[in-house]
Amino acid sequence: MSIIPYGRQDINQADIDAVVNVLRSDFLTQGPTVPAFEKVVADYCGAKHAVAVNSATSALHIACLALGVGKEDIVWTTPITFVASANCALYCGATVDFVDIDPRTYNLSVERLADKLILAEKNGKLPKVVIPVHLCGQPCDMEGIHALSQKYGFKIIEDASHSIGAKYKGEPIGNGRYSDITVFSFHPVKIITTGEGGMGVTNDRHLANQMVRLRSHGITRDPGEMTHAPDGPWYYQQIDLGFNYRMTDIHAALGLSQMHRLDEFVAKRHDLAAHYNKLFENSPVTIPWQHPDSYSGMHLYVIRLPQNKREFNRREVFERLRSHGIGVNLHYIPVYHHFYYERMGFIRTDFPEAECYYSEALTLPMYPSLTKAQQQEVVKKLNTPIGHQTIF
Ligand SMILES: *Cc1c(COP(=O)(O)O)cnc(C)c1O
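The paragraphs below set out a description of the structure included in this document. As the structure is a computational prediction, the values presented were derived from the model and not from experiment.

Rules used in this analysis
Residues numbered from 1 in each chain as written. Predicted model: local features only at pLDDT ≥ 70, side-chain atom pairs only at ≥ 80, totals over all residues. Heavy atoms only, no water. Phe/Tyr/Trp six-rings, centres within 6.5 Å; stacked < 30°, edge-to-face > 60°. Buried < 20%, exposed > 50% of the residue type's maximum accessible area, 1.4 Å probe, protein only. Lys NZ or Arg CZ within 6 Å of the ring centre and 35° of its normal. Near = heavy atom within 4 Å. Polar contact = N/O pair within 3.5 Å; in protein donor to acceptor, adjacent residues only side chain to side chain. Areas by Shrake-Rupley, 256 points an atom, 1.4 Å probe, with all protein chains shown as cover. 1 Å grid on protein atoms, 1.4 Å probe; cavity = no way out; pocket = protein on both sides within 12 Å on 5 of 7 lines; lining within 4 Å. Sits in = over half its atoms within 2 Å of the grid points. Helix = DSSP H or I, 4+ residues; strand = E, 2+ residues; numbered from the N terminus. Nonpolar A, V, L, I, M, F, W, Y, C, P; charged D, E, K, R; others polar. Pairing = 2+ DSSP bridges. Axes fitted to C-alpha atoms, helices over the stretch in contact; angles between N-to-C directions. Contact = heavy atoms within 4.5 Å. Salt bridge = Lys/Arg side-chain N within 4 Å of Asp/Glu carboxyl O. Core = buried A, V, L, I, M, F, W, Y, C linked by side-chain atoms within 4.5 Å. Domains from an automatic or database assignment.

## Structural notes on the packing of aromatic side chains
In this structure the tally under the stated criterion is 14 aromatic pairs. Geometrically, the ring pair formed by Tyr340 and Tyr341 is edge-to-face, given 6.1 Å between the ring centres and 70 degrees between the ring planes. Residue Tyr341 is classed as buried on the basis of its relative accessible area, which comes to 2%. Site record: aromatic cluster; members linked through ring pairs are Phe98, Tyr336, Tyr340, Tyr341, Phe346 and Phe351. One Lys or Arg, Arg104, reaches over the ring of Trp289 and ends 3.8 Å from the middle of that ring.

## A look at the site of the ligand
As a structural note, the neighbourhood of the ligand is formed by 15 residues, with Thr57, Asp159, His162, Ser185 and Lys190 the closest of them. Within the contact set of the ligand, an oxygen atom lies 2.5 Å away from a side-chain nitrogen or oxygen of Thr57. For the ligand, the accessible surface in isolation is 380 Å², of which the surrounding protein chains cover 92%. With respect to the detected pockets, the ligand is housed in the largest pocket. Mapped by element, the contributors of at least two residues to the shell around the ligand are α3 (56-66) and α4 (84-91). Along the lines of polarity and charge, the residues of the shell around the ligand split into five nonpolar, eight polar and two charged.

## Quick notes on the sheet that holds strand β8 (residues 181-185)
Reading across the sheet, the seven strands line up as β1-β9-β8-β5-β4-β2-β3 and stay open at both edges, with mixed pairing between neighbours. Each having just a single partner strand, β1 (49-53) and β3 (95-98) make up the two edges of the open sheet. Going from strand to strand, the sheet's axes swing by 20 degrees on average, the running direction of each strand aside. Across three bridges, the pairing between strand β2 (residues 74-77) and strand β4 (residues 129-131) is parallel. Paired with Trp76 across the two strands is Val130, which belongs to β4. Along the sheet face, α4 touches β2, β3, β4 and β5 (155-159) and points at about 150 degrees away from the line of β3. Strands β2, β3 and β4 of the sheet are contacted by helix α5 (residues 110-122), whose axis makes an angle of about 160 degrees with β2.

## Let's talk about the pattern of salt bridges
On inspection of all chains with the given rule, the structure shows 17 salt bridges. Salt-bridge contacts for Glu143 lead to Lys169; the nearest nitrogen and oxygen are separated by 3.0 Å. With Glu143 in helix α6 (residues 142-152) and Lys169 in the loop between β6 (167-168) and β7 (171-172), this residue pair connects regions lying 26 residues apart in the sequence. Through salt bridges that share partners, Asp10, Asp15 and Arg261 make up one connected network.

## Details of the environment of Arg104
Mapped onto the fold, Arg104 is located in the loop between β3 and α5. The class of Arg104 is partly exposed, set by a relative accessible area of 49%. Residues Arg104 and Asp204, spaced 100 residues apart in sequence, show a C-alpha to C-alpha distance of 33 Å.

## Focus on the nonpolar core
Within soluble globular proteins, side chains that are nonpolar generally end up buried alongside one another. In terms of nonpolar packing, the biggest core is built from 48 residues, with Phe98, Ile131, Ile157, Val183 and Tyr357 touching the most fellow members. Listing elements by their share of this core, those giving two or more residues are β1, α3, α4, β3, β4, β8, α7 (205-214) and α12 (352-360). Top contributing element to this core by residue count: α3, with seven residues. If you count residues domain by domain, this core takes at least three from each of domain 1 (13-261) and domain 2 (262-382). When sequence neighbours within four positions are dropped, the list of residues in contact with Phe98 reads Thr77, Thr78, Pro79, Ala86, Lys116, Val335, Tyr336, Tyr341, Phe346 and Phe351.

## Brief notes about the sheet that holds strand β12 (residues 294-295)
Spatially, the three strands line up as an open sheet ordered β7-β6-β12, and their pairing is antiparallel. This sheet does not close on itself; its edge strands, each paired only once, are β7 and β12. In the sheet, β6 pairs with β7 via two bridges, with the strands oriented antiparallel. Looking at β7, one finds that Tyr168 is bridged to Glu171.

Bear in mind that shape data such as this cannot, by itself, settle questions of function.
Next up, the structure:
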């Protein structure tokens, strides 16, 4: 087992008390805590509506459905992301394609997006939705993506699974200035946690209503949404094919409690990143470049190892750190490398920056309770190739 994982939750007594209080209350699910959590997140982001669900994967799925993604449609995202950012489109029967990454931020490249849109327009294959992912917590160039969406008529879902608490041009991620829906994840390795959980935030009441229905079987209790007057006071009507993607009040209580420390968590992650940066001064590894427009959620600290230096061979470094109980990781394998996607005929040379990134990237441990001594240990082990080790 890893002694230092790559990420982990930070749970205090207030979090535990909040969960226990729900366990002692009347409602374990569909009580008052889910809407309370939704309101706090919506207010934090400056969004009008928030819809809590049982994972970010579920939120991405119903966000696509709410935007009308179906069999004839195309959805674009970045290849350097967790598979869920692309799978959501496949769930809807749509086709997925990828846009290569920016070599500095590792986010979806606006230049490559612009190029690909010109071609797609010629071929009549424009995307219905583009899903930018704020990789490692660093916001994408949303102004650029939004401008292209106005020109080509696509919708935008921000996959902000890494970036609750982040800011773009001084404003919180999730405020919807440049997108239709923003999705957060509350998995334990992310910035705040509910155990499992996710949320979609939007300023569009119609999209929010659709997501509310889709998370609970496609059922409505609002007579205004029914096809005829209710049969009686017991009546509800299923008007879409929805799912059971609901969040429980137990999970929401943890999320609500964690929201109190969100800014503190992100600030702590920035402290840790600054310390890693210092430890890598004069080192040939590439530290995470930060765009001046962005304040990252700093979910992940990804370095790139120089390919031309034998002592920084990525596999060797990875295995050495793992053997010392340091849970380094690799975020991410390009989605089109996965067997399920490979069969769709993607050509690796179409994504040179993603390929280069994949050959060099390494995720170092990053979570609020990580200590500076542990960071020192990580960097020391990283810099000490086998054969250079002293016997002391
Ligand atoms: C974690 C993650 C998801 C999925 O989140 P879940 O809450 O585990 O479903 C989706 N996209 C990205 C980029 C993620 O990191």
